[in-house]
Amino acid sequence: MESVTVKYDVASLDDLKSLFGNVDENIKYISACFGVDICHGGDGFGISGSREGVDKTVEILNAVIKLLKRGSVGRGDVKILIDLLEEGRLGELDRLFDVVAVTAKGKNIRCKTLGQKLYVESLLKNDICFGIGPAGTGKTYLAVAIAVKAYKNKQTERIILTRPAVEAGEKLGFLPGDLQDKVDPYLRPLYDALQEMFGADAYQKLLERGVIEIAPLAYMRGRTLSNAFIILDEAQNATKEQMKMFLTRMGEHSKVVVTGDITQTDIPHDKAGLINALDILKDIDKIGIVRLTHKDVVRHELVRQIIRAYDGNA
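Below: a short report on this structure.

How each quantity is defined
Residues numbered from 1 in each chain as written. Predicted model: local features only at pLDDT ≥ 70, side-chain atom pairs only at ≥ 80, totals over all residues. Heavy atoms only, no water. Helix = DSSP H or I, 4+ residues; strand = E, 2+ residues; numbered from the N terminus. Buried < 20%, exposed > 50% of the residue type's maximum accessible area, 1.4 Å probe, protein only. Pairing = 2+ DSSP bridges. Axes fitted to C-alpha atoms, helices over the stretch in contact; angles between N-to-C directions. Core = buried A, V, L, I, M, F, W, Y, C linked by side-chain atoms within 4.5 Å. Contact = heavy atoms within 4.5 Å. Patch = residues over 30% accessible without salt bridge, like charges linked within 9 Å, V, L, I, M, F, W, Y side chains within 5 Å. Areas by Shrake-Rupley, 256 points an atom, 1.4 Å probe, with all protein chains shown as cover. Salt bridge = Lys/Arg side-chain N within 4 Å of Asp/Glu carboxyl O. Phe/Tyr/Trp six-rings, centres within 6.5 Å; stacked < 30°, edge-to-face > 60°.

Quick look at unusual backbone geometry
Not every positive phi belongs to a glycine, and lysine 154 is a case in point at roughly 60 degrees. Among the secondary structure elements, lysine 154 is positioned in the loop between α7 (139-152) and β7 (158-163). On the accessibility criterion, lysine 154 (75% relative accessible area) is exposed. Even without being a glycine, histidine 253 presents a positive backbone phi close to 60 degrees. Along the polypeptide, histidine 253 turns up in the loop between α10 (240-247) and β10 (255-260).

A few points about the sheet that holds strand β6 (residues 128-132)
Here we have six strands laid out as an open sheet, ordered β8-β7-β9-β10-β6-β11, and parallel in their pairing. Two strands bound the open sheet, and with one partner strand each, they are β8 (212-216) and β11 (287-291). Taking each pair of neighbouring strands and ignoring which way they run, the sheet shows an average axis angle of 15 degrees. The pairing of β7 with strand β9 (residues 228-232) spans five bridges and is parallel.

With respect to the nonpolar core
Nonpolar side chains in soluble globular proteins tend to be buried together. Counting 36 residues, the largest nonpolar core has Tyr119, Leu161, Leu194, Phe198 and Ile214 as its most contacted members. When residues of this core are traced back to their parent elements, those giving at least two are β4 (99-102), α6 (114-125), α7, β7, α8 (179-198), α9 (200-209), β8 and β9. Top contributing element to this core by residue count: α7, with nine residues. Excluding residues that lie within four positions of it along the chain, phenylalanine 198 makes contacts with Ala104, Val148, Tyr151, Lys152, Ile159, Tyr203, Leu206 and Ile212. Core analysis: the second largest hydrophobic core is formed by 32 residues, Tyr29, Phe34, Val73 and Ile80 among them.

A few points about a nonpolar patch on the surface
Where nonpolar side chains cluster on the molecular surface, the patch consists of Leu302, Ile306 and Tyr310 and spans about 350 Å² of accessible area. Structurally, leucine 302 can be placed in helix α12 (residues 301-312). Under the relative-accessibility criterion, leucine 302 is labelled partly exposed at 46%.

Topic: the packing of aromatic side chains
Here a ring pair, both rings aromatic, is described through the centre-centre distance and the interplanar angle of the planes. A complete count under the given rule lists three aromatic pairs for this structure. A centroid spacing of 5.5 Å and a plane angle of 40 degrees characterise the contact between phenylalanine 20 and phenylalanine 45, whose relative ring orientation is tilted. Residue phenylalanine 20 is located in helix α1 (residues 16-20), and its partner phenylalanine 45 is located in strand β3 (residues 44-50); the two are separated by 25 residues in the primary sequence. By relative accessible area, phenylalanine 45 is classed as buried at 2%. Judged by centre distance (6.0 Å) and plane angle (75 degrees), the rings of tyrosine 151 and phenylalanine 198 are edge-to-face. Separated by 47 residues along the polypeptide, tyrosine 151 in helix α7 and phenylalanine 198 in helix α8 bring together distant segments of the chain. Residue classification places phenylalanine 198 among the buried residues on the basis of a relative accessible area of 11%. Clustering of aromatic rings is evident, with ring pairs tying together Tyr8, Phe20 and Phe45.

Rendered as structure tokens:
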């Protein structure tokens, strides 16, 4: 294959170090992905390799420089850009990194993948939204962020978060303490996300006032949940009966989000309420279903590879 060399001018870039990344990680990663040599000299780069590799490198460098206007860019961001390029979606970059919410400490919460962006758009658009995908894709965290933003904007009066109290084959009766002590380990991720969004003191006050409610799924039976943003987390562990019960609790001026990973259910598939609901509700208007994949994992990069390996051996 014929090798070509092009010069890439970066003379106008103020922060060249940010383009390179920590210990040149951005440039090294791009070089490895496209099989090109990138040599810095003077006011630009020399990029050598196959025509396809060089062209893709130029596209990614353009995207990285564009992203630098929004803040620092690390290797994880470069991976996202390369995924978008390979999917032919690099032109959607402007849609991707808008601020979703702001934490109590002023940290901007942004989508980090296109899948996450589509999920957030579905959360905002639909009265009921299902977010399906593996661990680390931000399903619960982004849903909590949108719920908190809705409360702060006076679009909802309360936030209700619930989970089935079943996990990894454990039974509540074998756990120490009273009922609250027993369910706390299952609900901890929800506590953590809410405290980050509201701040610990504000979160505690809202909890005491009943504005925030966190409870096992069984506590939802017989209720009508109006003027609320309701999140059912780990829904893969809800039975068909529990899922129907939960979805029919929805009252006026409420929004429902259901999150789960159908590959990690702890109950038999023929009894799994999430799998059943996805099938029978897929054609109903105002119910959104977003399926996140290993490409949307935003934890350590090995988590993405682990999920892909397990999916390949399923």
